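One-letter residues, chain by chain:
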Amino acid sequence: PPVYRKPFWLDVGASDFTLETNRTSDFPVGHLILLGAAPLYITAVTYDVTANTTKVTISPTTQVEIGSRAVGRDAGLTVSDFPVAPATNPATGGFMPVLDTVTTPLLPADKGQLEVSFYGDVRQYTRANHLLEIDGYPYIVVGSSLSDDGRNTVVNLATPVYKDHDNTHVVRVSVRPVYAPSPVQFAGLS
């Protein structure tokens, strides 16, 4: 017979979620969660022995509902296999180095936009499925292109910008794409 699997989603303004049993080893601090297209960092994990539940604290707080409420049409919840968040693990600098925004400045971006722009050509760093972090907020890059005049790189994002960003913020870009489990396509260098 069919097995019912409860769908997983996070409401607007969620900063944590609770799971049954001890799941601390499944959600290590500093790792990246992808819930559908939304990237989130794991900032804390606590197990309550008496309730037999695990509370996973995430960052940033969700600004829209993410996940899926549809039974049988799960959005997918994946966790990176190594720590990614530079704020909790400075050793991840090799995976997410700082982008030089002195020579290629980040142009102002307003909360809610689905794209950010850089003055100059940064397409070699902002490829599809790479992780872009601005001021500690993670975004998945959908694609990037030069503007019509060829002066700016427009970077399309999978989720809206969490807050206003400008060139005073630290910008990091992953050196490798973030792949979902069992991918059917790989984004190569060419």
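Residues numbered from 1 in each chain as written. Predicted model: local features only at pLDDT ≥ 70, side-chain atom pairs only at ≥ 80, totals over all residues. Heavy atoms only, no water.

So, the environment of glutamine 124: which residues are in play, and what are the values?
Here glutamine 124 lies in the loop between strand E8 (115-119) and strand E9 (131-134). On the basis of relative accessible area, glutamine 124 is assigned to the partly exposed category, the value being 48%. Considered as a pair, glutamine 124 and serine 144 are 20 residues apart in the sequence and their alpha carbons are 9.1 Å apart. (Helix = DSSP H or I, 4+ residues; strand = E, 2+ residues; numbered from the N terminus. Buried < 20%, exposed > 50% of the residue type's maximum accessible area, 1.4 Å probe, protein only.)

Tell me about the side chain of serine 174, and please be specific about residues and values.
With respect to the secondary-structure elements, serine 174 resides in the segment after strand E12 (171-173). Residue classification places serine 174 among the buried residues on the basis of a relative accessible area of 3%. Excluding residues that lie within four positions of it along the chain, serine 174 makes contacts with Phe95, Met96, Tyr125, His130 and Leu131. (Contact = heavy atoms within 4.5 Å.)

Give me the lowdown on the sheet that holds E8, citing residues and values where you can.
With antiparallel pairing, the five strands of this open sheet are ordered in space as E8-E11-E10-E9-E12. Where the open sheet ends on each side, the last strands, each with one partner, are E8 and E12. Each neighbouring strand pair of the sheet contributes to a mean axis angle of 35°, computed without reference to strand direction. As paired strands, strand E10 (residues 137-146) and strand E11 (residues 152-157) are joined by five bridges and run antiparallel to one another. Across the sheet, valine 141 pairs through a bridge with leucine 157, a residue of E11. (Pairing = 2+ DSSP bridges. Axes fitted to C-alpha atoms, helices over the stretch in contact; angles between N-to-C directions.)

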